[in-house]
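A closer look at the structure
One letter stands for each residue in the lines below.
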Amino acid sequence: MLRIHLLRHAKTEISSPTGEDFDRELMVKGIIQANMIASFFNFKKVEPQLLLCSAAKRTVQTMDIVRHSLPTMTVKPDPNLYLADRESLLSEIWKQKKGNELLLIGHNEGISNLATYLSGDRVHLKTCGYVCLSFPFDHWNEVSHGTGTIELMYRPSVHFP
């Protein structure tokens, strides 16, 4: 059985100092969200062997916080995953040869479209939204439309006084 954990990056600033979307950083709320999802992963014993992450500043910051609750693994953020659409994300998943659990940290609309496509259910992930899908397969290239079952959904709730 395979399991995919999809996580949208945490809440970000509206703009970056450079003016580039790629360089947008997490807000305080986003940092809190990412720490909460890390605690959630620890509590639920989420232990992916594979981690794919967009190279955008906000996804890397989210990943750096979340990784404290995950097994030690080497990760090289991938610039090709920046604002990737469903087809591009699926293509990256199909390339994987090892492990039976994968964590993908990315952006909307691609990551929500991927969750919807794989599960057959309408999924819209807000910032730091998470969904876990399981598949009755042994190989990543078998994952396709409607073959995933949603096991778990979660989004940290952060409120400021």
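Presented here is a report on the structure given in the accompanying data block. (Residues numbered from 1 in each chain as written. Predicted model: local features only at pLDDT ≥ 70, side-chain atom pairs only at ≥ 80, totals over all residues. Heavy atoms only, no water.)

**Quick word on the sheet that holds strand E3 (residues 101-106)**
- The strand order across the open sheet built from five strands is E2-E3-E1-E4-E5, with neighbouring strands paired in mixed fashion. Looking at which strands have only one partner, the edges of the open sheet turn out to be strand E2 (50-53) and strand E5 (149-154). Across the sheet, the mean angle separating the axes of adjacent strands is 15° when strand polarity is ignored.
- In the sheet, strand E4 (residues 130-135) pairs with E5 via five bridges, with the strands oriented antiparallel. Across the sheet, residue Cys132 finds its bridge partner in E5, namely Leu152. (Pairing = 2+ DSSP bridges. Helix = DSSP H or I, 4+ residues; strand = E, 2+ residues; numbered from the N terminus. Axes fitted to C-alpha atoms, helices over the stretch in contact; angles between N-to-C directions.)

**Focus: the packing of helix H1 (residues 28-44) against helix H2 (residues 57-66)**
- Orientation of H1 relative to H2, taken along the N-to-C sense of each, is 40°, at an axis distance of 8 Å. Classified by the interaxial angle, the pair formed by H1 and H2 is oblique. Crossing angle aside, the handedness with which H1 passes H2 is right-handed. For the pair formed by H1 and H2, the contact residues are Ile31, Ala34, Asn35, Ile37, Ala38 and Phe41 on the first element and Thr62, Ile65 and Val66 on the second.
- Of the residues that constitute the contact of H1 with H2, the class distribution is seven nonpolar, two polar and no charged. (Parallel < 35°, antiparallel > 145°, perpendicular 65-115°, else oblique. Left-handed = near helix turned anticlockwise from the far one by under 90°. Contact = heavy atoms within 4.5 Å. Nonpolar A, V, L, I, M, F, W, Y, C, P; charged D, E, K, R; others polar.)

**Some thoughts on the pattern of salt bridges**
- Tallied over the entire structure, the rule returns seven salt bridges.
- Across the pair Glu101 and Arg3 runs a salt bridge whose closest N-O atoms are separated by 3.0 Å. Placement of the pair is Glu101 in strand E3 and Arg3 in strand E1 (residues 2-8), with a sequence separation of 98 residues.
- One salt bridge in this structure joins Asp21 and Arg24, with 2.8 Å as the shortest N-O distance.
- Assessed through its relative accessible area of 17%, Arg24 is described here as buried. (Salt bridge = Lys/Arg side-chain N within 4 Å of Asp/Glu carboxyl O. Buried < 20%, exposed > 50% of the residue type's maximum accessible area, 1.4 Å probe, protein only.)

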